[in-house]
Amino acid sequence: MSALSNRINNLSESATIKMAKLGRELAAKGVDVISLSFGEPDFHTPEHIKDAAKQAMDNNFTYYTPVAGYPELRKAVVAKLKNENNLDYDFSQIVVSTGAKQAIANAVLCLVNPGEEVIIPTPYWVSYSEVVKLADGVSVFINAPVEQDFKITPAQLEAAITPKTKLFMFSSPCNPTGSVYSKDELEGLAKVFEKHPHVYIMSDEIYEHINYVDKHESIAQFDYIKDRVVIINGWSKAFAMTGWRIGYTASNKEIATACDKMQGQVTSGTCSITQRAGVAAYEGGLESVLEMRAAFKKRRDIVYKLLSEINGLKVNLPDGAFYFFPKVTSFFGKSYNGKTIKDADELSIYLLEEAHVATVGGDSFGDPTAIRLSYAAAEDKLIEAVRRIKEALGKLV
C-alpha cells in the first residue's frame, strides 16, 4: 500500500519535462539528440539584465523579500501593463511568483472549489488540467481543431458554461499551437462572459512578445469583464529568463490578496536577485526582445516550409510562440522494424529512438492527434531535426 497521498498519485508527470529527460538520458549515452521538446529560448539573457543581478548582489539584495514582490518590481509591472497594453492596475493588484507556473497554481487554488468546473480549450498547456486536479476541480474541455486554427468560437464557449463553471483558462499566443486570438475574436468571447458573471477568466499571456501579427491583445481590455480576469505573465520567454523563475498575476484586489496569502504559506517571495533583474528587464526597453522575435519568425518560416514538404503531416502556420503542432494521425497503424505506431505519444518515442529528435506527444496537451515541436533552437539544428523526422516517418509503412 502506497504511503503517498491520492493527490500526488493522481497527478501526471509533465510530458514536456518527461521527454526532455528521456532525450538527456539518450544523449548521455553518446547519441546525438536534437531536442525540440522544451519551450525554452536558446538565447542568453541580455547583458543589462545580468548586470542588474550582479549589482543587486553587490548591493546586498540578499534578504527575504515581500511575499508579493518588491514594490519597485510590482510598480514596473504596472507601468508595463499601462504602456504596452493600456491596462490600469495598482501595484497592490500584482503578485510576483517563482515562475508563471506558480502564478497559475496560485490563481486556480485560490478560485476553484472541489467539484467546480474549469473550462479549458484544447489543445492546452500540459499543466492546466493538472493544477485543476490539485484544486479538486473538474476540467471541461472544448475541442479547437487545426481546421479552426486551434481557437474556440463564442458558440462553443456558450455551450460549455454551466452553473458549476468557475473558471476559464486559455493562452494567447498559445502553447502548444502558437495560435493568437485577435481583438475581434477575444471580444466575441468576452461578450459571452459578460452574460455569465459567475465565471472568471485566466488569461495566460506569457508568450505576449513572441507574436508575429499586429500587437498583442489581452482579454482584460474589455472593461465589462476586466475585474474577473486574472492575467498570467512573466519574463521567461520574452527576455530569455527561463532559469530565473519569475512570473506574476494581475487581478482584482481580492484575488491578489488571496494569491499573496497562498504564496505566503508555500514559498513566500521569489528570489531577491531575480526580482532586481526583472525590474531592469521591464525598464530597459524591448530592443533585445524584438531581435529575438525576428529570429523566431525566421525559424518559423524555415520549419514551416520543411514540415509542409513531409507527406502525412497536416501543419498550419502559427502566429505566435515558438511551436508547431502538426496532426500526425496518418501515421497511426503504420510500422517499422516490428513496432506499430498506435498514437501520437508512441510516435514521439519512435522519433526519439529512430531519428534522435525529442518532441512531445499531443495527448498531454489535450489532443492525441498531434505532436508538439519547438523551434526555439538554432537554424542548423532545426533543419537537421526536420530532415531526420522526414526520414524516420518515411520508414513507416
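Residues numbered from 1 in each chain as written. Predicted model: local features only at pLDDT ≥ 70, side-chain atom pairs only at ≥ 80, totals over all residues. Heavy atoms only, no water.

1. Side note on the overall build of the protein
Reasoning step 1: A tally of regular secondary structure across the protein gives 14 helices and 14 strands.
Reasoning step 2: Against the 2.2 N^0.38 benchmark of 21 Å for 397 residues, the protein shows a C-alpha radius of gyration of 21 Å, consistent with a compact globule.
Reasoning step 3: When its C-alpha atoms are laid out on the principal axes, the protein stretches across 60 × 55 × 55 Å.
Reasoning step 4: Taken over 397 residues, the protein has a buried fraction of 54%.
Reasoning step 5: Taking all contacts inside the protein whose residues are at least 6 apart in sequence as the whole, residues at least 24 apart take part in 75%.
Reasoning step 6: Averaged over its 44 positive side-chain charges, the protein has a centre that lies 2 Å from the centre of its 49 negative ones. (Helix = DSSP H or I, 4+ residues; strand = E, 2+ residues; numbered from the N terminus. Rg over C-alpha atoms; globule rule 2.2 N^0.38 Å. Buried < 20%, exposed > 50% of the residue type's maximum accessible area, 1.4 Å probe, protein only. Contact = heavy atoms within 4.5 Å. Lys, Arg positive; Asp, Glu negative; His and termini not counted. Charge placed at Lys NZ, Arg CZ, Asp CG, Glu CD.)

2. Section: the state of the cysteines
Reasoning step 1: Applying the stated criterion to the full structure yields 0 disulfides.
Reasoning step 2: C110 takes part in no disulfide bond, and the closest cysteine sulfur to it belongs to C259, at a distance of 4.3 Å.
Reasoning step 3: The exposure class assigned to C110 is partly exposed, which follows from its relative accessible area of 26%. (Disulfide = S-S within 2.5 Å.)

3. Concerning the sheet that holds strand β4 (residues 138–143)
Reasoning step 1: Reading across the sheet, the 7 strands line up as β2-β8-β7-β6-β5-β3-β4 and stay open at both edges, with mixed pairing between neighbours. At either margin of the open sheet sits one strand with a lone partner, and together these are β2 (94–97) and β4. Each strand of the sheet is rotated relative to its neighbour by a mean of 20 degrees, with strand direction disregarded.
Reasoning step 2: Relative to the sheet, helix α4 (residues 71–85) contacts β2, β7 (229–234) and β8 (247–250), its axis offset from that of β2 by approximately 115 degrees.
Reasoning step 3: The strands touched by helix α10 (residues 253–264) within the sheet are β2, β6 (200–204) and β7, with β2 carrying the most contacts at an inclination of about 25 degrees. (Pairing = 2+ DSSP bridges. Axes fitted to C-alpha atoms, helices over the stretch in contact; angles between N-to-C directions.)

4. Here's the deal with the environment of A53
Reasoning step 1: Within the secondary structure layout, A53 lies in helix α3 (residues 47–58).
Reasoning step 2: On the accessibility criterion, A53 (5% relative accessible area) is buried.
Reasoning step 3: Taking the C-alpha atoms as reference, A53 lies 6.1 Å from R276; in sequence the two are 223 residues apart.
Reasoning step 4: Once you skip the residues sitting within four places of it in the chain, A53 turns out to touch W244, I273 and A277.

5. Thoughts on the nonpolar core
One broad trend across soluble globular proteins is that nonpolar side chains are buried collectively.
Reasoning step 1: One finds L167, M169, L307, L347 and L393 to be the most contacted residues of the largest nonpolar core, which totals 79 residues.
Reasoning step 2: A per-element tally of this core places helix α5 (residues 100–111) first, with 7 residues.
Reasoning step 3: Membership of the second largest hydrophobic core comes to 49 residues, among which are V199, W235, A238 and I273. (Core = buried A, V, L, I, M, F, W, Y, C linked by side-chain atoms within 4.5 Å.)

6. Quick word on the packing of aromatic side chains
Reasoning step 1: For the coordinates displayed, the defined rule picks out 21 aromatic pairs.
Reasoning step 2: Ring geometry for F150 versus F325: centroids 5.8 Å apart, planes at 75 degrees, classification edge-to-face. Of this pair, F150 sits in the loop between β4 and α7 (154–160) while F325 sits in the loop between β9 (323–324) and β10 (335–336), and the two are 175 residues apart along the sequence.
Reasoning step 3: The class for F325 is buried, based on a relative accessible area of 2%.
Reasoning step 4: For the ring pair F239 and Y282, a centre distance of 5.9 Å and an interplane angle of 65 degrees mean the geometry is edge-to-face. Of this pair, F239 sits in the loop between β7 and β8 while Y282 is found in helix α11 (residues 272–283), placing the two residues 43 residues apart along the sequence. The pair formed by F239 and Y282 is uniform in burial state, with each residue classed as buried.
Reasoning step 5: One aromatic cluster is present, formed by F43, Y207, F296, F322 and Y323 through successive ring pairs. (Phe/Tyr/Trp six-rings, centres within 6.5 Å; stacked < 30°, edge-to-face > 60°.)

7. So, helix α2 (residues 15–28)
Reasoning step 1: With 14 residues, α2 should cover 20 Å at 1.5 Å per step; its first-to-last C-alpha distance of 20 Å lies within 8% of that length.
Reasoning step 2: A15, T16, M19, A20, G23 and L26 are the residues of α2 that are buried. The buried residues of α2 occupy an angular sector of 135 degrees when projected down its axis, which confines them to one face. Opposite the buried face of α2, at more than 90 degrees from it, the exposed residues are R24 and A28.
Reasoning step 3: Tucked into the core, α2 has its buried residues touching α13 (344–355), β12 (357–358), β13 (360–361) and β14 (371–374).
Reasoning step 4: Phi turns positive, to about 95 degrees, at G30, one or two residues after α2. (Expected span 1.5 Å × (residues − 1). Arc of directions from axis to C-beta.)

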